[in-house]
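Commentary on secondary and tertiary structure
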Amino acid sequence: MKKVLEVVGFIALVQGALGFVQEFTDWHVGLVRRVPFLHGYEVFVSFVLIVLACALFAAADSRKR
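Below is a summary of the structure that appears in this document. Predicted, not measured: the structure shown is a model, and the values here were computed from it.

Below, the discussion takes up the overall build of the protein. In terms of regular secondary structure, the protein is built from 2 helices and 0 strands. In the protein, which comprises 65 residues, the proportion classed as buried is 26%. Here the analysis covers contacts within the protein between residues at least 6 apart in sequence; of these, 58% occur between residues at least 24 apart. With the model as given, the accessible surface of the protein reaches about 4800 Å², and the carbon-plus-sulfur share is 72%.

Shown next, in the form of structure tokens:
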């Protein structure tokens with residue numbers, strides 16, 4: 001379970017970071033940009049993904065080894 005939380009957290013972190021990169025540099029990377037109902041909220045969703053990643057890493061760290 002710990003590895004699953006870490007992998008999902010890593011994916012959320014990468015997608016959040018790619019969302020910020022895409023928004024501020026106009027590179028076409030990441031999945032946040034490709035979801036139609038998130039149009040106009042890309043920066044907010046990227047921030048939420050990074051916060052979610054931190055929470056998942058904390059949850060993974062609190063799990064017993």
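This paragraph deals with the pattern of salt bridges. One pass over the structure, following the stated rule, counts 1 salt bridge. The residue K3 makes a salt bridge to E6 at a minimum N-O spacing of 3.8 Å. In this pair, K3 and E6 both sit in helix α1 (residues 2-25), 3 residues apart, roughly one turn of the helix.

Helix-helix packing is characterised by the crossing angle of the two axes and by the distance between the axes. Across the interface, α1 lies against helix α2 (residues 42-62) with an axial gap of 8 Å and an inter-helix angle of 155 degrees. The angle between α1 and α2 places the two elements in the roughly antiparallel class. Judged by the twist between their axes, the crossing of α1 over α2 is left-handed. Split into classes, the residues belonging to the contact of α1 with α2 amount to 18 nonpolar, 6 polar and 4 charged.

This part is about the environment of M1. Among the structural elements, M1 can be located in the segment before α1. For M1, a relative accessible area of 62% corresponds to the exposed category.

Cut-offs and rules
- Residues numbered from 1 in each chain as written.
- Predicted model: local features only at pLDDT ≥ 70, side-chain atom pairs only at ≥ 80, totals over all residues.
- Heavy atoms only, no water.
- Helix = DSSP H or I, 4+ residues; strand = E, 2+ residues; numbered from the N terminus.
- Buried < 20%, exposed > 50% of the residue type's maximum accessible area, 1.4 Å probe, protein only.
- Contact = heavy atoms within 4.5 Å.
- Areas by Shrake-Rupley, 256 points an atom, 1.4 Å probe, with all protein chains shown as cover.
- Salt bridge = Lys/Arg side-chain N within 4 Å of Asp/Glu carboxyl O.
- Axes fitted to C-alpha atoms, helices over the stretch in contact; angles between N-to-C directions.
- Parallel < 35°, antiparallel > 145°, perpendicular 65-115°, else oblique.
- Left-handed = near helix turned anticlockwise from the far one by under 90°.
- Nonpolar A, V, L, I, M, F, W, Y, C, P; charged D, E, K, R; others polar.

All quantities given are derived from atomic positions and should not be read as evidence of function.
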